Amino acid sequence: MTSAQMLGDLIVLVADRNMQAAVTGILHRYRSLGTRSIRFDVRRHPETDAGCRAKGAEYLAAFVGQYEHAILMFDHEGCGQEAVAADELEQEINNGLKGAGWGDDAATIVLVPELDVWVWSDSPH
């Protein structure tokens, strides 16, 4: 499938409605990010954070060849593996994404603290 035939540039799998709204809002403001307009799709995993962790790579495998890049994003708290460091989970899931056919065109983001804490923080960063 050529890039002209692909559904989009980016598919993002998130854990919940709030995360979906935040990511969608950010990607619609591409000029603020200093990027070009991209074709994207943000989907929610039906099993929230734990589902993203355990089954996210498998879910995104269905979209290999339909999107150029993928991001899997969920909160560390509530993922069911809080005893494992976030960066270790990211590496483990990135390996799963590579094995699912994404190669280096996909990445995992495990949020610490939860996205809601980042969004409602007074920090300008």
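I will try to describe carefully the structure that is included in this document. Remember, predicted model here, so these are calculated numbers, not experimental data.

## Focus on the pattern of salt bridges
And step 1. Inspection of every chain in the model, using the stated rule, returns 5 salt bridges.
And step 2. Here Glu47 makes a salt bridge to Lys55, at a shortest N to O gap of 3.0 Å.
And step 3. Glu47 sits in the partly exposed class, given a relative accessible area of 39%.
And step 4. The structure contains a network of salt bridges with shared partners spanning Asp9, Arg36 and Arg39.

## Topic: the side chain of Asp9
And step 1. For Asp9, the location among the structural elements is in strand S1 (residues 8-14).
And step 2. The exposure class of Asp9 is buried, given its relative accessible area of 9%.
And step 3. Reaching out from Asp9, the side chain makes a polar contact with the side chain of Arg36 at a distance of 3.3 Å.
And step 4. Setting aside chain neighbours within four positions, we find Asp9 in contact with Arg36, Ser37, Ile38, Arg39, Tyr67, Glu68 and His69.

Definitions and cut-offs
Residues numbered from 1 in each chain as written. Predicted model: local features only at pLDDT ≥ 70, side-chain atom pairs only at ≥ 80, totals over all residues. Heavy atoms only, no water. Salt bridge = Lys/Arg side-chain N within 4 Å of Asp/Glu carboxyl O. Buried < 20%, exposed > 50% of the residue type's maximum accessible area, 1.4 Å probe, protein only. Helix = DSSP H or I, 4+ residues; strand = E, 2+ residues; numbered from the N terminus. Polar contact = N/O pair within 3.5 Å; in protein donor to acceptor, adjacent residues only side chain to side chain. Contact = heavy atoms within 4.5 Å.

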